[in-house]
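# Descriptive structure summary
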Amino acid sequence: MADRAEPLAALQGRINDAAFGGTTLMTVPFVAQVGLRVEPGSAAAGRVETALGLELPEVNRMSESGGRRAIWLAPDEWLVVAADGEERSLVALLEEAIAGEGSVVDLSANRTGLELAGPDARTVLATCCSLDFHPRAFGPGQCAQTLIHKAGVLVEQRGDDRYLLLVRPSFAAYVAEWLLDGMLGLKADAAA
Amino acid sequence: MFEIRCPYCGPRDEPEFKYGGQAHVAYPADPELLSDEEWARFLFVRDNSRGRYAERWNHAAGCRRWFNVIRDTGTHELVGSYRVGEQPEDAR
């Protein structure tokens, strides 16, 4: 893993400078991500739940146990997320659990993370994403695959005002630019 | 812009979806028996009626599932959506 380049290294200075009033953007360059497809309610799904120590979540939800999270993607598809470096052990664990009745693929290189946190995090998100993140519609533990302008993102709400965005590395600068645009606009408003 | 109800993810904005043409166009039971004209008709000819129209959509930026939508071609009203395997009467 020595040769990996952080997808947003070139934007790091501007990302740091955009922080305002406790609202920050942070890169999470590497996240262990394993794509899991298994028939919900099947014996294999049950074995996965036992192995991970969590219930595979329902639509648009996330469940968490021992630093691992299962994020709902589709009716028979989840993204299992863990700290960088855990991908191999996670694949081995899940492959043993499904025992051929489904599919397990290491997708860690497919997405990089951006964490948006702070009192204005939701307002920043609203500047570039049309999904309703108001607490009446979206809250901690919820997730959604949607768009930030033209780029697909997986949004996961990690706390009252904390969001993790998982995006393709080649679209990460595009997404970060839109978030920075929103942050700088709100920062200017706050200073005025 | 439409707000389309994905039967799996819930209501989302139209840019998340791709259009897939008329729904419930059955694949011919035995394509070998069709004349060229009949085959071309299956491939290319679709209804172009005014009123309630069943069409396929794919939630491309979300769960990536295909499903069906009933749309009124006169008013652009989205009457409802339903999963593949369900019938238009199930639309909601």
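The structure we're discussing is the one just above.
Summary of the structure given here. Note that the structure is a prediction, hence the values are computed from the model and not measured. (Residues numbered from 1 in each chain as written. Chains lettered and ligands numbered in written order. Predicted model: local features only at pLDDT ≥ 70, side-chain atom pairs only at ≥ 80, totals over all residues. Heavy atoms only, no water.)

### Things to note about helix α5 (residues 169-191) of chain A
Spanning 23 residues, α5(A) covers 32 Å between terminal C-alpha atoms, matching the ideal 33 Å at 1.5 Å per step. Those residues of α5(A) that sit buried are A:A172, A:V175, A:A176, A:L179, A:L180, A:G182 and A:M183. (Helix = DSSP H or I, 4+ residues; strand = E, 2+ residues; numbered from the N terminus. Expected span 1.5 Å × (residues − 1). Buried < 20%, exposed > 50% of the residue type's maximum accessible area, 1.4 Å probe, protein only.)

### Considerations on the nonpolar core
Counting residues in each nonpolar core, the largest one holds 32 residues, and the members touching the most others are A:L36, A:V38, A:V48, A:L56 and A:L94. Contributions of two or more residues to this core are made by β2 (31-37), α2 (43-52), β4 (68-74), β5 (77-83) and α3 (87-98) of chain A together with β1 (3-6) and β5 (66-72) of chain B. Per element, the largest residue contribution to this core is 5 residues, and it comes from α3(A). Grouped together as the second largest cluster of nonpolar side chains are 30 residues, A:I15, A:C128, A:F138 and A:A176 included. (Core = buried A, V, L, I, M, F, W, Y, C linked by side-chain atoms within 4.5 Å.)

### As for the side chain of B:R12
Examined against the element boundaries, B:R12 turns out to sit in strand β2 (residues 10-13). Relative accessible area serves as the criterion here: at 4%, B:R12 is assigned to the buried category. For B:R12, the side chain forms a polar contact with the main-chain oxygen of A:Q145, separated by 2.7 Å. (Polar contact = N/O pair within 3.5 Å; in protein donor to acceptor, adjacent residues only side chain to side chain.)

### Description of the packing of aromatic side chains
All names here are of chain A. This structure, assessed with the given rule, holds 9 aromatic pairs over all chains. Taking 4.9 Å as the distance between ring centres and 80 degrees as the angle between the ring planes, the aromatic pair formed by F133 and F138 counts as edge-to-face. Residue class for F133 comes out buried when judged on its relative accessible area of 3%. Here F138 falls in the buried class, since its relative accessible area comes to 5%. Put simply, the rings of F133, F138 and Y163 touch in pairs and so form one group of aromatic residues. (Phe/Tyr/Trp six-rings, centres within 6.5 Å; stacked < 30°, edge-to-face > 60°.)

### Points about the interface of chain B and chain A
Listed as interface residues are 11 residues of chain B and, on the opposing side, 15 residues of chain A. For the pair chain B and chain A, the summed buried surface comes to about 1000 Å²; carbon and sulfur atoms form 45% of the total. Linking chain B with chain A are 2 salt bridges, by the criterion used here. Here B:R65 makes a salt bridge to A:D76, at a shortest N to O gap of 2.3 Å. Between chain B and chain A we count 6 residue pairs in polar contact (both at pLDDT 80 or more) in total. Partitioned by chemical class, the residues of the side of chain B that touches chain A number 5 nonpolar, 1 polar and 5 charged. (Contact = heavy atoms within 4.5 Å. Buried area = accessible area lost by both parts, 1.4 Å probe. Salt bridge = Lys/Arg side-chain N within 4 Å of Asp/Glu carboxyl O. Nonpolar A, V, L, I, M, F, W, Y, C, P; charged D, E, K, R; others polar.)

### A short note on the sheet that holds strand β8 (residues 143-148) of chain A
Residues and elements named next belong to chain A. Spatially, β1-β7-β10-β9-β8 is the arrangement adopted by the 5 strands of the open sheet, whose pairing is antiparallel. For this open sheet the edge positions go to β1 (24-28) and β8, each flanked by a neighbour on one side alone. Mean inter-strand twist for the sheet, computed between neighbouring axes without regard to direction, equals 30 degrees. The strands touched by α5 are β1, β7 (112-117), β8, β9 (151-159) and β10 (162-167); relative to β7, the strand with the most contacts, the crossing angle is about 15 degrees. (Pairing = 2+ DSSP bridges. Axes fitted to C-alpha atoms, helices over the stretch in contact; angles between N-to-C directions.)

Nothing here speaks to function; it is geometry throughout.
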